[in-house]
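The lines below spell out each chain.
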Amino acid sequence: MEKDIRAGNTSLDHTGQERLQAALTLAGIGTWELDLSRSVLSWDARCQVLFAYDGDTIPYDRFLSLLHVDDADAIDETLQRMLRPMPKGRYEMRYRVPLPDEQIRWIQSRVKVYFDTDGTPQYLQGTVQDITHFIQDHEVTAHITQQYEELFRNVTNSAPTGLWLSDAAGKLTYVNKILTEWTGLSYNELLGDGWLTALLPDDRDASIRAFQKAVDARTQYDVLFRLRNAKGDVVWCRAVGNPYYHDAEYAGHAGYCMDIHALATASNELRISEARFRGLIEGAPVAMAILVGRDLVIDLSNDAMIRLWGKGKSIVGKRLRDALPELEGQPFLQLLDEVYTTGVAHHSKEAQANLVVDGMLRTFYFNFTYQPLFDTAGQVYAILDVATDVTEQTQAKKLQERTEAELRALQSDLQQQIQQRTEELAVSNEELQATNEELASTNEELEEANRSLVHSNTELEQYAYVASHDLQEPLRKIRMFSSMLNTHAGLSAESHRVVAKIEQSSERMSLLIQGLLDFSRLLKSESRMVPVDLNKIVADIITDFELTITEKQAAIRVAALPVIEAVNLQMNQLFYNLISNALKFTSSGTTPTIDIRSERVNHQSLQPYITSPLLFANYYHITVADNGIGLEDKYAEQIFEVFKRLHGREIYPGSGIGLALCRRIVNNHGGVIYVESHVGKGTTFHLLLPDRNNNPQSPE
């Protein structure tokens, strides 16, 4: 009986290790250990790929040389600091690794230090993960980082069996959480020879002799003994250990300890194996599900997949097509059938999926893998579905593409408008030329001005399709010479009208070009964000409008405003435009009042406006309210469009681009702007702005 149990346990442990390694591979995690006594790192194949280094071990100094020159000293200092005894022994680090192709790979590492009973550090263990794509997409997602850290803890402290390590002298140097919970003894109490206190007195001598014999002979240690567990029950246990070596030198024994009552029958073995596998799936930080049979029955789905599908746990046991009927007509059911038929895994990136979540059909984007699972006969019996939600990154990429298309459309529209304005100027030039011919007695200065104007107009016709900023100088000359013509004493009334028309068209065109230049700059804004005090911004703007405020006897009330991470110039332009509009669109006979307020809001209140807020950012709700003329609800979105005006230039001057600039500025900062208004009662602009300067890194 004992022989059968041991054989079953070895098979079970091997199967669990394979499944655990498969899960780590799917998660893209590498593991390593630093032996402080030898200053040598041992790491797995994933680490070797991430650091572009071929070898299972690497000297510590050589490891530091693989890091970016600006990161190596800081990482070394952090690791040295971690060796001091502290209440917490887990840390998180990020650093860069230069690759042979001159690319930079970002690595995120989590480290745990292990001390002996005297507080002396023995070794470090950790995990590494490639987070380059998160860094590049402004997508460092702390949520996924935390989940991977939980996976590391599950591997080291929540294994399904008790795990232990000894040194070359036979003293225990490490036990996992299962052993402390099982025996009721603390971590430090079990180290060294402390594990013997958990054994019944009658079994201690035989166990220690067997263990010491295995240590001396460098052979396998396999012994049965009784102990009293944390519940007070006496149970039979089996402890197995094998020698492990560092650079061909014996370093100690590594093994496991388990309750053999749980393995007394083959059915118990199967249940434990299945429980371990299910526990691994359920505890994984990424969405996982097992679909059994050709009907794709949902046999197991972790919480991450339940949330991703937007369904409750009641879907377990149902066919996938019944649990998610919205998949009909989408490619996923056919792909799963092909994987089940061929036994070949399928991988997709940024695949679009339409899922019903909270009763609404919504569009998501996923990176997913369909991995076939084989039985002992080599036949596919199930499919492992592993998925990662990349909706935010994909939507950001699509937004960039739409923005670029929008810019191209604006540029095309600008060219058409320039062509139209050029044709108008050509007609005006012809009329002006006829007038000049009638005024033959005009002095030489006027003739020179006319020649300059004709030359400027000719340049405008030749460069009608040149970028908008190149047209500013010719427009300035047109306005200057038109003004000179308009002041000439011998000019007829009709000529004055023509010249005035030229001046008005030029001024509108200048405002249009300047507004479009401002808008296009904001589309490609790369200004560095710094802490910006909005109180100072608003105070300076109020000073700029001092004459207008005095003239209209306006009252501006400003509550305390936050300091946020932003582009200073853009924040100035944003509040300048909003306050300018509030002073411009006032009601006759009413004293203008403007109220500017701010409050900090939680992420839940952002949901109607921002579906995926920045995880570690504070958000502020800032309002700019006035008692002006207001507007109808149907224009609440149109006012943010380029060139959209609700009133003629004769009543309220402007380019029609100001609020479009405001929306673009807010979008650049990851926020939202919207308006509430009532005709004749006033308008309130709402700003939801994040403060990114709220994500400190610290040891865990």
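Here is what the cut-offs are and how they apply
Residues numbered from 1 in each chain as written. Predicted model: local features only at pLDDT ≥ 70, side-chain atom pairs only at ≥ 80, totals over all residues. Heavy atoms only, no water. Helix = DSSP H or I, 4+ residues; strand = E, 2+ residues; numbered from the N terminus. Buried < 20%, exposed > 50% of the residue type's maximum accessible area, 1.4 Å probe, protein only. Disulfide = S-S within 2.5 Å. Core = buried A, V, L, I, M, F, W, Y, C linked by side-chain atoms within 4.5 Å. Contact = heavy atoms within 4.5 Å. Salt bridge = Lys/Arg side-chain N within 4 Å of Asp/Glu carboxyl O. Pairing = 2+ DSSP bridges. Axes fitted to C-alpha atoms, helices over the stretch in contact; angles between N-to-C directions. pLDDT = per-residue confidence, 0-100. Phe/Tyr/Trp six-rings, centres within 6.5 Å; stacked < 30°, edge-to-face > 60°. Left-handed = near helix turned anticlockwise from the far one by under 90°. Nonpolar A, V, L, I, M, F, W, Y, C, P; charged D, E, K, R; others polar.

Trainee: Outline the environment of alanine 217, supporting the account with residue identities and numerical values.
Mentor: Its place among the elements puts alanine 217 in helix α9 (residues 201–217). A relative accessible area of 45% places alanine 217 in the partly exposed class.

Trainee: So what's going on with the state of the cysteines? Residues and values would help.
Mentor: According to the stated counting rule, one finds zero disulfides in the structure shown. This cysteine, cysteine 237, is not joined by any disulfide, and cysteine 257 carries the nearest cysteine sulfur, 4.9 Å off.

Trainee: I'd like to hear about the nonpolar core, residue by residue, with values.
Mentor: Residues Met571, Leu574, Phe575 and Leu687 are the most contacted members of the largest nonpolar core, which totals 35 residues. Only α18 (534–544), β19 (563–566), α20 (568–584), β20 (593–601), β21 (618–626), α21 (658–668), β22 (672–678) and β23 (682–691) provide two or more residues apiece to this core. Counting residues per element, this core draws most heavily on α20, at seven residues. Apart from the residues lying within four places of it in its own chain, the contact partners of leucine 574 are Cys662, Ile665, Val666 and Leu687. Of all hydrophobic cores here, the second largest spans 32 residues; its members include Ile298, Leu327, Leu333 and Tyr340.

Trainee: I'd love a proper account of the pattern of salt bridges, names of residues and values included.
Mentor: Tallying each qualifying case throughout the model produces 19 salt bridges. The salt bridge involving aspartate 222 is made with arginine 238; its shortest N-O contact spans 2.8 Å. Placement of the pair is aspartate 222 in strand β9 (residues 221–228) and arginine 238 in strand β10 (residues 234–246), with a sequence separation of 16 residues. A salt bridge links lysine 313 to aspartate 303, with the shortest nitrogen-to-oxygen separation between them at 3.4 Å. Residue lysine 313 is found in the loop between α11 (303–309) and α12 (320–323), and its partner aspartate 303 is found in helix α11; the two are separated by ten residues along the sequence. With a relative accessible area of 39%, aspartate 303 lands in the partly exposed category. Each member of the salt-bridge network shares a partner with another, and the members are Asp35, Arg38 and Asp247.

Trainee: For the sheet that holds strand β7 (residues 162–166), give the residues involved together with the corresponding values.
Mentor: The strand order across the open sheet formed by five strands is β8-β7-β11-β10-β9, and the pairing between neighbours is antiparallel. The open sheet has two edge strands with one neighbour each: β8 (172–175) and β9. Each strand axis lies, on average, 25° off the axis of its neighbour in the sheet, ignoring direction. As paired strands, β7 and β8 are joined by three bridges and run antiparallel to one another. Of the residues in β8, the one forming a bridge with leucine 165 is tyrosine 174. Those strands touched by α9 are β7, β9 and β11 (249–259), and its axis lies near 155° from that of β9.

Trainee: Explain the confidence of the model for the protein chain to me, and be specific about the residues and the numbers.
Mentor: When the pLDDT values of the protein chain are averaged, the result is 80; 78% of them are 70 or greater. Contacts from residues 1–12, a stretch scored under 50 in pLDDT, to residues over four places away or in other chains number 19 contacts. This model gives residues 453–467 a pLDDT under 50, and the stretch forms 23 contacts once residues within four places in sequence are excluded.

Trainee: Describe the packing of aromatic side chains, naming the residues involved and giving the relevant values.
Mentor: A complete count under the given rule lists 20 aromatic pairs for this structure. With a centroid separation of 5.8 Å and an interplanar angle of 85°, the aromatic rings of tryptophan 164 and phenylalanine 211 are classed as edge-to-face. Of the two residues, tryptophan 164 sits in strand β7 while phenylalanine 211 sits in helix α9, which places them 47 residues apart along the sequence. For the pair tryptophan 164 and phenylalanine 211, a shared accessibility class is recorded, and that class is buried. A network of ring pairs unites the aromatic residues Trp43, Phe51, Tyr53, Tyr60, Phe63 and Tyr95 as a single cluster.

Trainee: Help me get a handle on the packing of α20 against α21, residues and values and all.
Mentor: When two helices pack together, their arrangement is given by the angle between the helix axes and the distance between those axes. Contact geometry of α20 with α21 gives a least axis separation of 9 Å together with a crossing angle of 145°. The hand of the α20/α21 crossing is left-handed. Contact residues: Gln570, Met571, Gln573, Leu574, Asn577, Leu578 and Asn581 in α20; Gly658, Leu659, Leu661, Cys662, Ile665, Val666 and Asn668 in α21. Partitioned by chemical class, the residues of the contact of α20 with α21 number eight nonpolar, six polar and no charged.

Trainee: If you had to explain the pairing of β20 to someone new, which residues and values would you point to?
Mentor: Bridging between strand β18 (residues 555–558) and β20 involves four bridges; their strand directions are parallel. Across the sheet, the residue bridging to isoleucine 556 is isoleucine 594, located in β20. In the sheet, β20 pairs with β21 via eight bridges, with the strands oriented antiparallel. Counterpart to arginine 597 in the pairing with β21 is threonine 623.

Trainee: Kindly report on the side chain of threonine 173, identifying the contributing residues and their values.
Mentor: Residue placement: threonine 173 occurs in strand β8. Ignoring sequence-local partners within four residues, the contact set of threonine 173 consists of Tyr123, Leu165, Ser166, Asp167, Tyr187 and Leu191.

Trainee: Account for the sheet that holds strand β16 (residues 380–389), naming residues and giving values.
Mentor: Spatial strand order, β13-β12-β16-β15-β14: five strands in an open sheet with antiparallel pairing. Looking at the sheet topology across the chains shown, the edges are occupied by β13 (297–301) and β14 (346–357). Taken over all neighbouring pairs, the strand axes of this sheet differ in orientation by 35° on average, direction set aside. Relative to β13, strand β12 (residues 287–292) runs antiparallel, the two sharing four bridges. Its bridge partner being in β13, alanine 289 is matched across the sheet by serine 301. Contacts from helix α13 (residues 332–342) reach β12, β14, β15 (360–374) and β16, with the element oriented near 0° to β15.

Trainee: Outline the pairing of β9, listing residues and values.
Mentor: Residues Tyr221, Val223, Phe225 and Leu227 point to one face of β9 and are all buried, whereas Asp222, Leu224, Arg226 and Arg228, pointing to the other face, are not buried. Pairing of β9 with β10 involves eight bridges; the strand directions are antiparallel. Paired with leucine 224 across the bridge in β10 is arginine 238. What sits between β9 and β10 in their antiparallel hairpin is a turn of five residues, with glycine 232 showing a positive phi close to 90°.

Trainee: Any chance you could break down unusual backbone geometry for me, citing the residues and the numbers?
Mentor: Positive phi is not limited to glycine here, since arginine 218 has a value of about 55°. Among the structural elements, arginine 218 can be located in the loop between α9 and β9. Of the residues examined, arginine 218 reaches a relative accessible area of 37% and is grouped as partly exposed. In this structure, leucine 296 is a non-glycine residue whose phi angle is positive, near 55°. The residue leucine 296 is located in the loop between β12 and β13 in this model.

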